[in-house]
Amino acid sequence: MNWDETGAHTGDPTDERLVDAGADGEDTAVEAALRPKDLDEFVGQEKVREQLDLVLKAARARGATADHVLLSGAPGLGKTTLSMIIAAEMNAPIRITSGPAIQHAGDLAAILSSLQEGEVLFLDEIHRMSRPAEEMLYMAMEDFRVDVIVGKGPGATAIPLELPPFTLVGATTRAGLLPPPLRDRFGFTGHMEFYAPTELERVIHRSAGLLDVAIDTEGAAEIAGRSRGTPRIANRLLRRVRDYAQVKAEGWIDRDIAAAALRVYEVDDRGLDRLDRAVLGALLKLFGGGPVGLSTLAVAVGEERETVEEVAEPFLVREGLLARTPRGRVATPAAWAHLGLVPPQQGVKGQQGLFGA
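Keep in mind the model is a prediction, meaning the values are calculated, not measured. (Residues numbered from 1 in each chain as written. Predicted model: local features only at pLDDT ≥ 70, side-chain atom pairs only at ≥ 80, totals over all residues. Heavy atoms only, no water.)

Engineer: Help me understand unusual backbone geometry, please; the structure alone is not making it clear to me.
Structural biologist: Most of the time, phi is negative for any residue but glycine, and the peptide bond is trans. Although it is not a glycine, glutamine 45 adopts a positive phi angle of roughly 55°. Along the chain, glutamine 45 falls in the loop between α1 (25-34) and α2 (46-62). For glutamine 45, a relative accessible area of 8% puts it in the buried group. At phenylalanine 144, a residue that is not glycine, the phi angle is positive and equals roughly 50°. Structurally, phenylalanine 144 is set in the loop between α5 (131-143) and β4 (145-150). (Helix = DSSP H or I, 4+ residues; strand = E, 2+ residues; numbered from the N terminus. Buried < 20%, exposed > 50% of the residue type's maximum accessible area, 1.4 Å probe, protein only.)

Shown next as C-alpha coordinates:
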(Lines give C-alpha, C1' and ligand atoms only; values in the text may rest on other atoms or scores of the structure.)
Protein backbone atom coordinates (compact mmCIF):
# COMPACT_ATOMS: atom_id res chain seq x y z
CA MET A 1 0.00 0.00 0.00
CA ASN A 2 1.30 3.43 -0.92
CA TRP A 3 1.07 6.45 1.35
CA ASP A 4 2.33 10.00 0.86
CA GLU A 5 4.17 12.03 3.47
CA THR A 6 0.92 13.34 4.94
CA GLY A 7 -0.38 9.81 5.54
CA ALA A 8 -2.94 9.93 2.74
CA HIS A 9 -3.49 6.79 0.70
CA THR A 10 -2.07 7.27 -2.80
CA GLY A 11 -2.50 3.89 -4.48
CA ASP A 12 -5.35 1.61 -5.54
CA PRO A 13 -5.68 -1.07 -2.84
CA THR A 14 -6.33 -3.67 -5.55
CA ASP A 15 -3.06 -2.95 -7.35
CA GLU A 16 -1.04 -5.40 -5.26
CA ARG A 17 -3.76 -8.01 -4.66
CA LEU A 18 -3.03 -11.39 -6.21
CA VAL A 19 -6.67 -12.34 -5.67
CA ASP A 20 -8.15 -9.35 -7.47
CA ALA A 21 -10.24 -10.62 -10.40
CA GLY A 22 -9.49 -7.55 -12.54
CA ALA A 23 -6.84 -7.74 -15.26
CA ASP A 24 -3.63 -5.72 -15.03
CA GLY A 25 -1.03 -5.21 -17.75
CA GLU A 26 0.80 -8.46 -17.03
CA ASP A 27 -2.45 -10.45 -16.98
CA THR A 28 -3.51 -9.04 -20.35
CA ALA A 29 -0.24 -10.09 -21.97
CA VAL A 30 -0.22 -13.59 -20.46
CA GLU A 31 -3.93 -14.23 -21.05
CA ALA A 32 -3.44 -13.70 -24.78
CA ALA A 33 -1.14 -16.73 -24.82
CA LEU A 34 -3.30 -18.85 -22.50
CA ARG A 35 -6.72 -18.21 -24.04
CA PRO A 36 -8.43 -21.22 -25.65
CA LYS A 37 -9.07 -20.79 -29.34
CA ASP A 38 -12.37 -22.68 -29.68
CA LEU A 39 -15.28 -23.97 -27.60
CA ASP A 40 -13.79 -27.46 -27.33
CA GLU A 41 -10.74 -26.03 -25.56
CA PHE A 42 -12.77 -23.79 -23.26
CA VAL A 43 -12.97 -25.22 -19.73
CA GLY A 44 -16.09 -24.88 -17.58
CA GLN A 45 -19.35 -22.97 -18.15
CA GLU A 46 -20.91 -26.13 -19.57
CA LYS A 47 -24.45 -24.75 -20.04
CA VAL A 48 -23.33 -21.49 -21.64
CA ARG A 49 -20.87 -23.37 -23.85
CA GLU A 50 -23.49 -25.87 -25.02
CA GLN A 51 -26.10 -23.21 -25.74
CA LEU A 52 -23.63 -20.95 -27.49
CA ASP A 53 -22.40 -23.85 -29.62
CA LEU A 54 -25.95 -24.40 -30.90
CA VAL A 55 -26.40 -20.69 -31.68
CA LEU A 56 -23.16 -20.53 -33.68
CA LYS A 57 -23.68 -23.79 -35.56
CA ALA A 58 -27.20 -22.76 -36.54
CA ALA A 59 -25.95 -19.39 -37.79
CA ARG A 60 -23.23 -21.05 -39.86
CA ALA A 61 -25.76 -23.50 -41.34
CA ARG A 62 -27.99 -20.59 -42.40
CA GLY A 63 -25.03 -18.66 -43.79
CA ALA A 64 -26.02 -15.72 -41.57
CA THR A 65 -24.37 -13.67 -38.87
CA ALA A 66 -24.87 -14.95 -35.33
CA ASP A 67 -27.43 -13.37 -33.03
CA HIS A 68 -26.23 -10.65 -30.68
CA VAL A 69 -24.82 -12.16 -27.48
CA LEU A 70 -24.85 -10.79 -23.93
CA LEU A 71 -22.44 -12.33 -21.41
CA SER A 72 -22.81 -11.42 -17.75
CA GLY A 73 -20.85 -12.43 -14.67
CA ALA A 74 -18.00 -11.48 -12.39
CA PRO A 75 -14.61 -10.38 -13.77
CA GLY A 76 -12.11 -13.05 -14.77
CA LEU A 77 -14.58 -15.79 -15.75
CA GLY A 78 -13.93 -15.76 -19.51
CA LYS A 79 -16.29 -13.25 -21.12
CA THR A 80 -13.57 -11.73 -23.33
CA THR A 81 -12.27 -15.19 -24.20
CA LEU A 82 -15.74 -16.32 -25.30
CA SER A 83 -16.13 -13.24 -27.49
CA MET A 84 -12.92 -14.12 -29.31
CA ILE A 85 -14.08 -17.73 -29.66
CA ILE A 86 -17.36 -16.51 -31.17
CA ALA A 87 -15.40 -14.59 -33.80
CA ALA A 88 -13.15 -17.58 -34.47
CA GLU A 89 -16.08 -20.00 -34.75
CA MET A 90 -17.80 -17.65 -37.21
CA ASN A 91 -14.52 -17.10 -39.10
CA ALA A 92 -14.99 -13.35 -38.66
CA PRO A 93 -12.77 -10.49 -37.51
CA ILE A 94 -13.36 -8.97 -34.08
CA ARG A 95 -13.35 -5.35 -32.93
CA ILE A 96 -12.83 -4.76 -29.20
CA THR A 97 -13.90 -1.67 -27.28
CA SER A 98 -15.58 -0.83 -23.96
CA GLY A 99 -18.52 1.12 -22.62
CA PRO A 100 -16.44 3.80 -20.85
CA ALA A 101 -14.64 4.53 -24.14
CA ILE A 102 -17.93 5.43 -25.84
CA GLN A 103 -19.01 8.71 -24.29
CA HIS A 104 -20.82 10.20 -27.30
CA ALA A 105 -23.13 8.83 -29.98
CA GLY A 106 -20.57 9.93 -32.56
CA ASP A 107 -17.97 7.61 -31.02
CA LEU A 108 -20.29 4.65 -31.55
CA ALA A 109 -21.30 5.78 -35.04
CA ALA A 110 -17.64 5.92 -36.08
CA ILE A 111 -17.10 2.34 -34.89
CA LEU A 112 -20.28 0.94 -36.40
CA SER A 113 -19.77 2.61 -39.78
CA SER A 114 -16.34 0.99 -40.15
CA LEU A 115 -17.49 -2.59 -39.40
CA GLN A 116 -17.21 -5.26 -42.09
CA GLU A 117 -20.05 -7.64 -42.89
CA GLY A 118 -20.22 -10.41 -40.28
CA GLU A 119 -17.67 -8.73 -37.98
CA VAL A 120 -17.95 -9.29 -34.23
CA LEU A 121 -18.03 -6.14 -32.09
CA PHE A 122 -17.08 -6.89 -28.48
CA LEU A 123 -18.31 -4.19 -26.12
CA ASP A 124 -16.91 -4.75 -22.63
CA GLU A 125 -18.60 -3.11 -19.62
CA ILE A 126 -21.56 -2.33 -21.83
CA HIS A 127 -23.53 -1.06 -18.83
CA ARG A 128 -21.17 1.95 -18.59
CA MET A 129 -21.93 3.28 -22.08
CA SER A 130 -23.41 6.77 -22.32
CA ARG A 131 -27.17 7.06 -22.77
CA PRO A 132 -27.09 8.76 -26.24
CA ALA A 133 -24.81 6.01 -27.56
CA GLU A 134 -27.03 3.39 -25.95
CA GLU A 135 -30.09 4.72 -27.75
CA MET A 136 -28.22 4.70 -31.06
CA LEU A 137 -27.25 1.08 -30.41
CA TYR A 138 -30.93 0.05 -30.23
CA MET A 139 -31.50 0.80 -33.91
CA ALA A 140 -28.11 -0.53 -34.96
CA MET A 141 -28.75 -3.92 -33.33
CA GLU A 142 -32.31 -4.29 -34.61
CA ASP A 143 -32.30 -2.68 -38.06
CA PHE A 144 -28.56 -2.45 -38.84
CA ARG A 145 -29.00 1.27 -39.36
CA VAL A 146 -28.08 4.45 -37.51
CA ASP A 147 -29.21 8.03 -37.97
CA VAL A 148 -26.33 10.48 -38.08
CA ILE A 149 -27.35 13.98 -37.00
CA VAL A 150 -25.83 16.73 -39.13
CA GLY A 151 -26.05 20.32 -37.93
CA LYS A 152 -27.52 21.82 -34.80
CA GLY A 153 -30.78 23.34 -33.68
CA PRO A 154 -33.80 23.67 -36.02
CA GLY A 155 -31.59 23.10 -39.07
CA ALA A 156 -30.30 19.73 -37.92
CA THR A 157 -31.08 16.80 -40.19
CA ALA A 158 -30.84 13.04 -39.64
CA ILE A 159 -29.05 11.10 -42.35
CA PRO A 160 -29.76 7.35 -42.26
CA LEU A 161 -26.64 5.21 -42.53
CA GLU A 162 -27.03 1.55 -43.46
CA LEU A 163 -24.76 -0.88 -41.63
CA PRO A 164 -23.58 -4.32 -42.72
CA PRO A 165 -24.92 -7.21 -40.62
CA PHE A 166 -22.70 -7.69 -37.56
CA THR A 167 -22.74 -9.54 -34.24
CA LEU A 168 -22.56 -7.53 -31.03
CA VAL A 169 -21.12 -9.33 -28.02
CA GLY A 170 -21.78 -7.32 -24.87
CA ALA A 171 -20.11 -8.14 -21.56
CA THR A 172 -21.21 -6.83 -18.19
CA THR A 173 -20.50 -7.47 -14.54
CA ARG A 174 -23.80 -5.77 -13.59
CA ALA A 175 -26.56 -7.00 -15.86
CA GLY A 176 -29.19 -5.30 -13.67
CA LEU A 177 -27.95 -1.89 -14.81
CA LEU A 178 -28.80 -2.60 -18.45
CA PRO A 179 -32.12 -1.04 -19.51
CA PRO A 180 -34.74 -3.59 -20.67
CA PRO A 181 -34.85 -2.26 -24.28
CA LEU A 182 -31.14 -3.04 -24.64
CA ARG A 183 -31.33 -6.46 -22.94
CA ASP A 184 -34.28 -7.46 -25.15
CA ARG A 185 -32.27 -6.91 -28.33
CA PHE A 186 -29.79 -9.66 -27.52
CA GLY A 187 -30.71 -12.97 -29.11
CA PHE A 188 -28.69 -14.99 -26.58
CA THR A 189 -27.88 -14.21 -22.95
CA GLY A 190 -25.40 -16.28 -20.99
CA HIS A 191 -24.57 -15.91 -17.31
CA MET A 192 -21.05 -16.96 -16.32
CA GLU A 193 -20.85 -18.85 -13.02
CA PHE A 194 -17.89 -19.17 -10.68
CA TYR A 195 -15.81 -22.27 -11.35
CA ALA A 196 -15.73 -25.42 -9.23
CA PRO A 197 -12.29 -26.42 -7.88
CA THR A 198 -12.16 -29.42 -10.22
CA GLU A 199 -12.72 -27.13 -13.22
CA LEU A 200 -9.99 -24.78 -12.02
CA GLU A 201 -7.63 -27.75 -11.72
CA ARG A 202 -8.18 -28.41 -15.42
CA VAL A 203 -7.52 -24.73 -16.16
CA ILE A 204 -4.29 -24.85 -14.13
CA HIS A 205 -3.04 -28.04 -15.80
CA ARG A 206 -3.74 -26.57 -19.24
CA SER A 207 -2.00 -23.29 -18.39
CA ALA A 208 0.93 -25.13 -16.80
CA GLY A 209 1.42 -27.05 -20.04
CA LEU A 210 1.45 -23.85 -22.08
CA LEU A 211 3.84 -22.16 -19.63
CA ASP A 212 6.08 -25.24 -19.44
CA VAL A 213 5.53 -25.57 -15.68
CA ALA A 214 5.92 -28.95 -13.97
CA ILE A 215 3.02 -29.48 -11.55
CA ASP A 216 1.33 -32.55 -10.09
CA THR A 217 -2.34 -33.14 -9.36
CA GLU A 218 -2.13 -32.19 -5.68
CA GLY A 219 -0.23 -28.99 -6.47
CA ALA A 220 -2.90 -27.96 -8.96
CA ALA A 221 -5.62 -28.76 -6.42
CA GLU A 222 -3.90 -26.60 -3.79
CA ILE A 223 -3.80 -23.59 -6.14
CA ALA A 224 -7.35 -24.20 -7.36
CA GLY A 225 -8.71 -24.19 -3.81
CA ARG A 226 -7.32 -20.69 -3.24
CA SER A 227 -8.41 -19.17 -6.56
CA ARG A 228 -11.88 -17.90 -5.56
CA GLY A 229 -13.57 -19.80 -8.38
CA THR A 230 -11.94 -17.53 -10.97
CA PRO A 231 -9.65 -18.72 -13.79
CA ARG A 232 -7.83 -15.39 -14.01
CA ILE A 233 -6.84 -15.62 -10.34
CA ALA A 234 -5.86 -19.29 -10.78
CA ASN A 235 -3.50 -18.40 -13.63
CA ARG A 236 -2.03 -15.51 -11.64
CA LEU A 237 -1.40 -17.69 -8.59
CA LEU A 238 0.13 -20.36 -10.82
CA ARG A 239 2.66 -17.85 -12.14
CA ARG A 240 3.62 -16.71 -8.63
CA VAL A 241 3.95 -20.33 -7.42
CA ARG A 242 6.06 -21.06 -10.50
CA ASP A 243 8.44 -18.25 -9.49
CA TYR A 244 8.73 -19.67 -5.98
CA ALA A 245 9.29 -23.19 -7.28
CA GLN A 246 12.03 -22.08 -9.66
CA VAL A 247 13.93 -20.51 -6.77
CA LYS A 248 13.15 -23.00 -3.98
CA ALA A 249 12.26 -26.34 -5.57
CA GLU A 250 14.02 -26.66 -8.93
CA GLY A 251 10.81 -25.77 -10.77
CA TRP A 252 8.65 -28.63 -9.48
CA ILE A 253 5.26 -27.80 -7.94
CA ASP A 254 3.53 -30.15 -5.52
CA ARG A 255 1.07 -29.48 -2.70
CA ASP A 256 3.73 -28.49 -0.16
CA ILE A 257 5.51 -26.14 -2.57
CA ALA A 258 2.22 -24.51 -3.65
CA ALA A 259 1.14 -24.03 -0.03
CA ALA A 260 4.54 -22.60 0.97
CA ALA A 261 4.56 -20.22 -1.99
CA LEU A 262 1.08 -18.90 -1.28
CA ARG A 263 1.92 -18.40 2.37
CA VAL A 264 4.69 -16.07 1.19
CA TYR A 265 2.11 -14.17 -0.88
CA GLU A 266 -0.36 -14.16 2.07
CA VAL A 267 -3.12 -16.09 0.32
CA ASP A 268 -4.63 -18.59 2.75
CA ASP A 269 -6.32 -21.92 2.11
CA ARG A 270 -9.70 -20.31 1.34
CA GLY A 271 -8.28 -17.61 -0.92
CA LEU A 272 -8.37 -14.78 1.63
CA ASP A 273 -5.53 -12.27 1.47
CA ARG A 274 -4.25 -9.64 3.92
CA LEU A 275 -7.13 -7.23 3.35
CA ASP A 276 -9.79 -9.90 3.77
CA ARG A 277 -8.26 -11.17 7.00
CA ALA A 278 -7.83 -7.63 8.30
CA VAL A 279 -11.55 -6.96 7.82
CA LEU A 280 -12.52 -10.23 9.49
CA GLY A 281 -9.97 -9.76 12.28
CA ALA A 282 -11.25 -6.28 13.13
CA LEU A 283 -14.86 -7.47 13.05
CA LEU A 284 -14.14 -10.39 15.37
CA LYS A 285 -11.50 -9.03 17.75
CA LEU A 286 -12.59 -5.38 18.11
CA PHE A 287 -16.35 -5.71 17.74
CA GLY A 288 -17.09 -9.20 19.01
CA GLY A 289 -18.39 -10.32 15.63
CA GLY A 290 -20.73 -7.35 15.13
CA PRO A 291 -23.06 -5.93 14.17
CA VAL A 292 -20.89 -2.93 13.33
CA GLY A 293 -21.34 -0.12 10.82
CA LEU A 294 -19.37 -0.12 7.58
CA SER A 295 -17.68 3.23 8.25
CA THR A 296 -16.57 2.14 11.72
CA LEU A 297 -15.21 -1.12 10.35
CA ALA A 298 -13.31 0.71 7.58
CA VAL A 299 -11.69 3.06 10.13
CA ALA A 300 -10.64 0.08 12.25
CA VAL A 301 -9.00 -1.56 9.23
CA GLY A 302 -7.37 1.66 8.04
CA GLU A 303 -9.01 1.57 4.61
CA GLU A 304 -11.56 3.65 2.76
CA ARG A 305 -15.21 2.71 3.18
CA GLU A 306 -15.48 1.94 -0.56
CA THR A 307 -12.47 -0.37 -0.41
CA VAL A 308 -14.02 -2.51 2.32
CA GLU A 309 -17.46 -2.54 0.69
CA GLU A 310 -16.45 -3.12 -2.94
CA VAL A 311 -13.13 -4.97 -2.70
CA ALA A 312 -13.21 -7.15 0.41
CA GLU A 313 -16.85 -7.75 1.30
CA PRO A 314 -18.23 -9.42 -1.88
CA PHE A 315 -15.96 -12.46 -1.52
CA LEU A 316 -16.38 -12.65 2.26
CA VAL A 317 -20.17 -12.65 1.84
CA ARG A 318 -20.00 -15.25 -0.94
CA GLU A 319 -17.85 -17.48 1.24
CA GLY A 320 -20.34 -17.23 4.10
CA LEU A 321 -17.84 -15.51 6.40
CA LEU A 322 -19.64 -12.18 6.71
CA ALA A 323 -23.25 -11.05 6.50
CA ARG A 324 -24.70 -7.64 5.70
CA THR A 325 -27.66 -6.82 7.94
CA PRO A 326 -29.78 -3.68 8.51
CA ARG A 327 -27.86 -3.10 11.77
CA GLY A 328 -24.41 -3.52 10.22
CA ARG A 329 -21.83 -6.17 9.34
CA VAL A 330 -21.94 -9.46 11.25
CA ALA A 331 -19.43 -12.31 11.30
CA THR A 332 -20.70 -15.84 10.84
CA PRO A 333 -19.60 -18.90 12.84
CA ALA A 334 -17.45 -19.89 9.83
CA ALA A 335 -15.46 -16.67 10.25
CA TRP A 336 -14.63 -17.47 13.86
CA ALA A 337 -13.57 -20.97 12.87
CA HIS A 338 -11.46 -19.77 9.94
CA LEU A 339 -9.42 -17.41 12.09
CA GLY A 340 -9.21 -19.96 14.93
CA LEU A 341 -11.06 -17.73 17.41
CA VAL A 342 -13.75 -18.59 19.94
CA PRO A 343 -16.97 -16.54 19.68
CA PRO A 344 -18.12 -14.73 22.83
CA GLN A 345 -20.86 -16.28 24.92
CA GLN A 346 -24.39 -15.33 23.99
CA GLY A 347 -25.72 -12.40 25.98
CA VAL A 348 -22.27 -10.82 26.38
CA LYS A 349 -22.11 -7.57 24.48
CA GLY A 350 -18.98 -6.79 22.52
CA GLN A 351 -17.49 -3.42 21.76
CA GLN A 352 -20.02 -2.89 19.00
CA GLY A 353 -22.36 -1.48 21.63
CA LEU A 354 -20.02 1.48 22.02
CA PHE A 355 -19.91 2.30 18.34
CA GLY A 356 -23.40 1.37 17.27
CA ALA A 357 -24.35 -0.36 14.04
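Engineer: Would you take a moment to explain the environment of glutamate 46 for this structure?
Structural biologist: Note on placement: glutamate 46 falls in helix α2. Judged by relative accessible area, glutamate 46 falls into the partly exposed class, the value being 41%. In this structure the C-alpha to C-alpha distance between glutamate 46 and methionine 192, which are 146 residues apart in sequence, comes to 9.7 Å.

Engineer: Before we go on, may I ask you to explain the pattern of salt bridges in this structure?
Structural biologist: If the charged atoms of two oppositely charged side chains come close together, the side chains can form a pair. Under the criterion given, the structure shown has 19 salt bridges. Arginine 128 serves as the salt-bridge partner of glutamate 125, at 2.9 Å between the closest nitrogen and oxygen. For glutamate 125, a relative accessible area of 29% translates into the label partly exposed. Judged by relative accessible area, arginine 128 falls into the partly exposed class, the value being 46%. Here the residues in one salt-bridge network are Glu218, Glu222, Arg226 and Arg255, joined through shared partners. (Salt bridge = Lys/Arg side-chain N within 4 Å of Asp/Glu carboxyl O.)

Engineer: Help me understand the packing of aromatic side chains, please; the structure alone is not making it clear to me.
Structural biologist: Geometry of an aromatic ring pair is reported as the spacing of the ring centres plus the angle between the planes. Counted according to the given criterion, the structure contains one aromatic pair. Pairing phenylalanine 144 with phenylalanine 166 gives two aromatic rings, centres 5.5 Å apart and planes at 80°, and the pair type is edge-to-face. Of this pair, phenylalanine 144 sits in the loop between α5 and β4 while phenylalanine 166 sits in the loop between β5 (157-162) and β6 (167-172), placing them 22 residues apart in sequence. Its guanidinium or amino end placed over the ring of phenylalanine 315, arginine 228 lies 3.9 Å from that ring's centre, counting from NZ or CZ. In this structure, arginine 318 packs its charged tip against the face of phenylalanine 194, placed 3.6 Å from the ring centre. (Phe/Tyr/Trp six-rings, centres within 6.5 Å; stacked < 30°, edge-to-face > 60°. Lys NZ or Arg CZ within 6 Å of the ring centre and 35° of its normal.)

Engineer: Explain helix α4 (residues 105-113) to me, please; I cannot follow it from the model alone.
Structural biologist: Two residues of an α-helix separated by three or four positions point the same way, owing to the 3.6 residues in each turn. Buried within α4 we find Leu108, Ala109, Ile111 and Leu112. Down the axis of α4, the buried side of the element spans an arc of 165°, and every buried residue falls inside it. (Arc of directions from axis to C-beta.)

Engineer: I'm lost on the packing of α4 against α5 in this one. Help?
Structural biologist: Any two packed helices are characterised by how steeply their axes cross, that is the angle between the axes, and by the distance between the axes. As a packed pair, α4 and α5 sit with axes 8 Å apart at the nearest point and diverge in direction by 35°. Seen from α4, the contacting residues are Ala105, Leu108, Ala109 and Leu112; seen from α5, they are Pro132, Ala133, Met136, Leu137 and Ala140. A class-by-class count of the residues in the contact of α4 with α5 yields nine nonpolar, no polar and no charged. (Axes fitted to C-alpha atoms, helices over the stretch in contact; angles between N-to-C directions. Contact = heavy atoms within 4.5 Å. Nonpolar A, V, L, I, M, F, W, Y, C, P; charged D, E, K, R; others polar.)

Engineer: Hey, could you run me through the sheet that holds strand β7 (residues 188-191) in this one?
Structural biologist: The pairing of strands in a sheet happens through backbone hydrogen bonds and is either parallel or antiparallel. Taken in spatial order, the five strands of this open sheet run β2-β3-β6-β1-β7, and their pairing is parallel. The two strands at the open ends of the sheet, each matched to only one other strand, are β2 (94-98) and β7. Sheet twist, expressed as the mean angle between neighbouring strand axes with direction ignored, is 15°. Bridge analysis of β2 against strand β3 (residues 120-124) gives five bridges, and the strand direction is parallel. Pairing of isoleucine 94 across the sheet is with valine 120, part of β3. Against the sheet, α2 makes contact with β1 (69-72) and β7, and its axis sits at roughly 160° relative to β7, the strand it touches most. (Pairing = 2+ DSSP bridges.)

These figures capture arrangement, not role.
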